[in-house]
Amino acid sequence: MLEQIRSHMKKTNCDVFITTNKIHRRYLTNFTGSAGLVWIGADTNILVVDFRYVEQAGEQSPNWELVKQEPTLTETIKSLIDKFQVKRIAFESEYITIDQLNQWQQSFGVEFVPTKNWIAKLRMVKRDDEIEKIVKAVEIADQALKTIIPTIKPGVKEVELALELEYTMRRLGAEAVAFDPIVGSGPRGALPHAVPGEREITYGDFIVIDMGCVYQGYCSDMTRTLVVGQPTDKHLEIYNLVLKAQLAALEAIKPGLTGKQVDSVARDIITEAGYGPNFGHSLGHAVGLEIHEEPRLSQLGEAVLEPGMVVTVEPGVYLPGWGGVRIEDLVVVTETGCRILTQTTKELVIIE
Ligand code: GLY
Ligand code: MN
Ligand code: MN
C-alpha cells in the first residue's frame, strides 16, 4: 500500500502525503480513533494523535511512529514540516474543507498539492484479511435474517422488524449496522430505500428487507424480498424476473468486464420484459470499510473488474402503488468469475 503512495508522491514531486480522513486513516494504520493525521514521508510513517488516543494508537498501529499532537494539530504539522524540511505536501482535496486548506496555507510556507483517489483506488481490491472480515459481516446478516423470518407475520410493524434486525445483528457480534435497515412492505416496497414505518405487515404484501452490518470495520449488504400469503401471478412474474436478471449478472461477472457491462446484463433482461423504467438504480456497488465504494456496477461504471473486488449485485423492479422486489447478494470477484458470499436462499420465501 505504502509503496504505491510513495510512487504517486514521486511522480507529483511531493515530499509528504497527509490524510485526516477517518476511513483512510484506519485503512492505512489500523487505528480506529475519531481524530488523527497520517503523515507518509519518503521514509517516515507517522501517525499524529491527540492525548485521548496515544495508548490506543500504540496498540493498534505498532508499525507507525506515533507523534502526540501538541498543543494543536496545526502546530504539530508545523514542527514536522520544519523537522523534515518539507516543501510540497500532497493532500486529499475531496476531504479537506476550504477553511482548513486556507488555514494550512496561511500557517505553513509550503505548497499544498491536491490529490484524488490515491487511497480509494487501493481500496478497490481487497486483501484476504479484509475479505475475511466482510465474510463474517455477511454471515452475521444471513444468520440475523434467518432468526427474524419466523417472527414475520401479519400485524407486525415495519419498524418492529427493523429494530429486531438491528438488535439481532448486534447480538450476533456486529459492532454496528452498516446502514439503517430498510423494510418496505406492500406498496411501500416500491420505495427503493423505504424508511421503516408504522405500517403493519398484511396478507398479500411483498416485503423488501435490505440489511447489513459492520464487523471489525467491514460492511455487509443484502436484500431479500418475501411474500406474505400465497403469491399471485403478478408477484411471481416480478419476483422471477428480478431473480433471472440477478442470476444472469452473477453468471456474467468476471475480471476484465466493466461495471457498465455487468449492469447491462441485468438491465437488458428487465428492459426486454417491459420493466426498464422500473429499475431506476444501478446494479451494484463495491463494499468494504464503507457501504458504498468504488467501483460501481452502473451505466456509468467504466472501472474494470479485478479479482479481489467485492461488489453487490442488486437489481430491482418497483411498481408505484403496488410494491417492489429487490434481490441483493455480495460477491467477491475471482480469477474466473465470482464467489457469492451471501448464503440466504433466493427461492421466494412465503410467510403463511
Ligand atoms: N442498502 C443500500 C444498498 O443496498 O445499496
Ligand atoms: Mn442493500
Ligand atoms: Mn447495496
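Quick note: structure is the one above.
Draft legend 1. Highlighting the side chain of E130. Within the secondary structure, E130 sits in helix α7 (residues 128-148). In this structure E130 is buried but unpaired, with R127 as the nearest side chain of opposite charge at 4.1 Å. When near neighbours in sequence (up to four residues on either side) are disregarded, E130 contacts Y27, V125 and Y218.

Draft legend 2. Broad picture of the pairing of strand β16 (residues 316-319). Taking every second residue as pointing to the same face, both faces of β16 are buried, with G316 and Y318 on one and V317 and L319 on the other. As paired strands, β16 and strand β17 (residues 323-326) are joined by 4 bridges and run antiparallel to one another. Residue pairing in the sheet places L319 in a bridge with G323 of β17. Hairpin connection, β16 to β17: the antiparallel pair is bridged by 3 residues, and G321 has positive phi, about 85 degrees.

Draft legend 3. Broad picture of the coordination of the manganese ion (ligand 2). At 2.0 to 2.5 Å from the manganese ion (ligand 2) lie its protein donor atoms, namely D210 (OD), D210 (OD), D221 (OD) and E328 (OE). Taken together, the 6 donor atoms surrounding the manganese ion (ligand 2) define angles of 56 to 167 degrees at the centre, an arrangement classified as irregular. Read N to C, the donor residues that coordinate the manganese ion (ligand 2) are spaced as D-x10-D-x106-E. Metal-to-metal, the separation of the manganese ion (ligand 2) and the manganese ion (ligand 3) is 3.3 Å; D221 coordinates the two. Residue D210 is found in strand β9 (residues 206-211), and its partner E328 is found in the loop between β17 and β18 (329-333); the two are separated by 118 residues along the sequence.

Draft legend 4. Region of interest: the site of ligand 1. All residues in the neighbourhood of ligand 1 are listed as F179, H193, D210, D221, H285, H292, E314 and E328. Between a nitrogen atom of ligand 1 and a side-chain N or O atom of D210, the distance comes to 3.1 Å. At a separation of 3.1 Å, an oxygen atom of ligand 1 approaches a polar side-chain atom of E314. Bound to the protein, ligand 1 loses 94% of the 200 Å² it would expose on its own.

What counts and how
Residues numbered from 1 in each chain as written. Chains lettered and ligands numbered in written order. Predicted model: local features only at pLDDT ≥ 70, side-chain atom pairs only at ≥ 80, totals over all residues. Heavy atoms only, no water. Helix = DSSP H or I, 4+ residues; strand = E, 2+ residues; numbered from the N terminus. Buried < 20%, exposed > 50% of the residue type's maximum accessible area, 1.4 Å probe, protein only. Lys, Arg positive; Asp, Glu negative; His and termini not counted. Salt bridge = Lys/Arg side-chain N within 4 Å of Asp/Glu carboxyl O. Contact = heavy atoms within 4.5 Å. Pairing = 2+ DSSP bridges. Donors = N, O, S within 2.8 Å, 3.2 Å for Na, K, Ca; no water. Tetrahedral: all angles 85-135°; square planar, octahedral: opposite > 155°, others 65-115°. Near = heavy atom within 4 Å. Polar contact = N/O pair within 3.5 Å; in protein donor to acceptor, adjacent residues only side chain to side chain. Areas by Shrake-Rupley, 256 points an atom, 1.4 Å probe, with all protein chains shown as cover.

Distances and angles like these do not, on their own, reveal function.
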